[in-house]
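Observations on the model geometry
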Amino acid sequence: MCGIVGAVSLRDVTPMLTESLYHLEYRGYDSCGIAIIKNGELHRIRGTKRISELQKKIQKNNLHGISGIAHTRWATHGSPNINNAHPHFSGFSSKNASIAIVHNGIIENHEVLRKNLSKIGYRFKSQTDTEVLAHLINYFYNGDILKAVQQTIQHIKGKYAIAVFCKKEPNRIVGARNGSPLVIGIGKNENFLASDNVALIPFTKKFIYLEDTEIVDLTPNNISIFNTNGIKINKKIQIEAINSDVNELGIHQHYMEKEIFEQPKIIRRLLKNIKSIHPELFGYQAPNIFEKIDSVLILGCGTSYYSGMIAKYWIESIAKIVTSVEIASEYRYRDTIPNPNTLIVIISQSGETADTLSALKHAKDLGMKNILSICNVATSSIVNASMLSYITQAGLEVSVASTKSFTSQLFSLFLLTLVLAKLKNRLTKNQENLFLTDLKCLPKSIESIFSMRKDIEKWGRYFACKKNIFLLGRGVHYPIALEGALKFKEICYIHAEAFQSSEMKHGPLALITKNTPIIIIAPKDKLIEKLKSNIQEIKVRAGELHIITDSNNFNIQKNINFLKISETCNSLSPILYGITFQLLAYQAAVFRGTHIDKPRNLAKSVTVE
Ligand code: G6P
């Protein structure tokens, strides 16, 4: 987590750094700060409020300079207060400070380094692991900031992306990465560093993506990149065709609302490239790889994990391939039985989630090399480390709660299911056509959910004042209940629990009281009659029932609320129920007045373990 940015230029970099911070705020927003060299001295402004407040302070203090670094923080070591906010300085007083650093990641051996540095006279002003880095660079500094960073890196363990500068070399910034993303932006008479290219899109379209253990030395007119052995290397410049207006809210109140309503457009875009079902959709090597696999293991975190859970139902029922799904952070620390013929499917919106990336590396280390990533960011570390990739093309997702990414992941996973089924001769031509028709009907069906917005809004108003909500689902819709509950937690701060409706009598029924709202996903499928019995079991115990269904065969009973979905696209029905929950949680959050796009304590890209 945390967003870092740095700029060296021949013009004032302060407005650019501030603008970049707005684009990086999704990575954490506990505090923020900027450091600039002005009149030969380092100056720093930090705050524990949002970037807009920092910007006001910068203007008030008339801060400007031709090189600087800035940071937006998601706290790990040290609470989110002003002393722990980055940039961190090293010097024996902040006035004489000569080194400034911003950092994303965790330095694992910070305690022992802190002890050693304290012994030789360094005084710490924060509880962060980052300040250790600042002092260590200062310790090694002997007139060349690049050399000091190279030496420092030999002594640290952990994950980092850093941008460092020294007041004695005012027009030079050094960056390094290991485990956290860092991209170089190339400008005219100016160069940049950032955690994500999105932060630099307003200033350049030319990027170089650093890889782990690489170090970069930037001046306004020069970029030198070094490998782990200190040898200068050449790297490819990539041109990104992203518009700087991708971040505009337009008519919407929140990014989450905007992103929910973008979903039909995204599915239409994905559909454009699909004329038939063939493995090359997942890369030119896909036919060979898919041919030899005998099982699938899906890994992800958060919402991405839930999309994997849904894919398990699809792959096992349509492609008939044994599939397991695991939370990435659990998989990597568990003893497992590796099978080199397993297809590892890594799901991640950002492509940078630390646990997911480590799980990928762990699978590789176990000899499982058939790795397919389903990811929204083509230039991410996860895509980079995968043999095959499918880019979900959802566009930049700003809101912390994942919406359009979830839907596009599900689309991709359904496509993967069909490709695997066809390759294994488990899909007739007729079935292929029917599934393709389902995919094609998705955008319209999503729009039909949007047409129910007024009803969903009423439900949202009702649930907004609840303390606890239960969500029930069965089969492929159980992960949707989990994802719905996650949305209520993330953006409404409402305690929400999901259960399989069949499991209620094995414990959760004890929680049901007169005023316990229960939302039931009741699709018209083979389990509907069983579900109706589960509903009766809850009803006689006076549970408060709210049913979302596409079935016309429910007896509209007193004291039960119904929300009727008109279309479901058959196997793709989880997507439509998922979007209904996105809108429902969103509306509830609007009534609760929470920070919808930046919920408390969370961050969009979780680049620490
Ligand atoms: C964070 C986000 C979630 C996301 C999860 C996994 O917790 O807030 O929305 O689902 O990370 O992120 P990824 O980028 O790997 O999908």
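Residues numbered from 1 in each chain as written. Predicted model: local features only at pLDDT ≥ 70, side-chain atom pairs only at ≥ 80, totals over all residues. Heavy atoms only, no water.

Side note on the nonpolar core
Counting 94 residues, the largest nonpolar core has Phe 282, Phe 290, Val 345, Phe 411, Leu 471, Phe 488 and Ile 519 as the members making the most contacts within it. Both domains that furnish three or more residues to this core are identified here as domain 2 (255–450) and domain 3 (453–592). Setting aside residues no more than four positions away along its own chain, Phe 488 makes contact with Ile 469, Leu 471, Tyr 493, Ile 494, Ala 496, Ile 519, Phe 581, Leu 584, Ala 585 and Ala 588. By size, the runner-up hydrophobic cluster in this structure holds 28 residues, among which are Tyr 122, Val 149, Ile 153 and Ile 156. (Core = buried A, V, L, I, M, F, W, Y, C linked by side-chain atoms within 4.5 Å. Buried < 20%, exposed > 50% of the residue type's maximum accessible area, 1.4 Å probe, protein only. Domains from an automatic or database assignment. Contact = heavy atoms within 4.5 Å.)

Some points on the sheet that holds strand S18 (residues 342–348)
A sheet is described by the order of its strands in space; here five strands give the open sequence S17-S16-S18-S19-S20, paired in parallel fashion. Two strands in the sheet have a free side with no partner beyond their single neighbour: strand S17 (322–327) and strand S20 (388–391). Mean inter-strand twist for the sheet, computed between neighbouring axes without regard to direction, equals 20°. Helix H9 (residues 302–319) contacts strand S16 (295–300), S17 and S18 of the sheet and is inclined by roughly 170° relative to S17. (Pairing = 2+ DSSP bridges. Helix = DSSP H or I, 4+ residues; strand = E, 2+ residues; numbered from the N terminus. Axes fitted to C-alpha atoms, helices over the stretch in contact; angles between N-to-C directions.)

A look at the pattern of salt bridges
Applying the stated rule across the entire model yields 27 salt bridges. The residue Glu 544 makes a salt bridge to Lys 466 at a minimum N-O spacing of 3.9 Å. In this pair, Glu 544 sits in strand S24 (residues 544–549) while Lys 466 sits in the loop between helix H15 (453–464) and strand S21 (468–473), placing the two residues 78 residues apart along the sequence. Like Glu 544, the residue Lys 466 is buried in the burial classification. (Salt bridge = Lys/Arg side-chain N within 4 Å of Asp/Glu carboxyl O.)

Re the domain arrangement of the protein
For the protein, the domain assignment lists domain 1 (2–239), domain 2 (255–450) and domain 3 (453–592). Computed over C-alpha atoms only, the centres of domain 1 and domain 3 are separated by 46 Å.

So, the site of the ligand
The local shell around the ligand holds 14 residues, among which Ser 304, Ser 348, Gln 349, Ser 350 and Thr 353 are the closest. Within the side chain of Ser 304, a nitrogen or oxygen atom sits 2.6 Å from an oxygen atom of the ligand. Within the contact set of the ligand, an oxygen atom lies 2.4 Å away from a side-chain nitrogen or oxygen of Thr 353. With respect to the pocket detection grid, the ligand is positioned in the second largest pocket. Looking at side-chain class alone, the shell around the ligand contains four nonpolar, eight polar and two charged residues. (Near = heavy atom within 4 Å. Polar contact = N/O pair within 3.5 Å; in protein donor to acceptor, adjacent residues only side chain to side chain. 1 Å grid on protein atoms, 1.4 Å probe; cavity = no way out; pocket = protein on both sides within 12 Å on 5 of 7 lines; lining within 4 Å. Sits in = over half its atoms within 2 Å of the grid points. Nonpolar A, V, L, I, M, F, W, Y, C, P; charged D, E, K, R; others polar.)

Brief notes about the layout of surface pockets
Volume-wise, the second largest pocket comes out at about 600 Å³. Lining the second largest pocket are 31 residues, and of these Cys 301, Gly 302, Thr 303, Lys 604 and Val 606 lie nearest its centre. Among the secondary structure elements, those contributing two or more residues to the lining of the second largest pocket are H9, S18, helix H11 (354–365) and helix H16 (478–492). For the lining of the second largest pocket, the class distribution of residues is 14 nonpolar, eleven polar and six charged. Of the residues that make up the lining of the second largest pocket, three or more belong to each of domain 2 (255–450) and domain 3 (453–592). (Points joined across faces, edges and corners; volume = space filled by probe spheres on them.)

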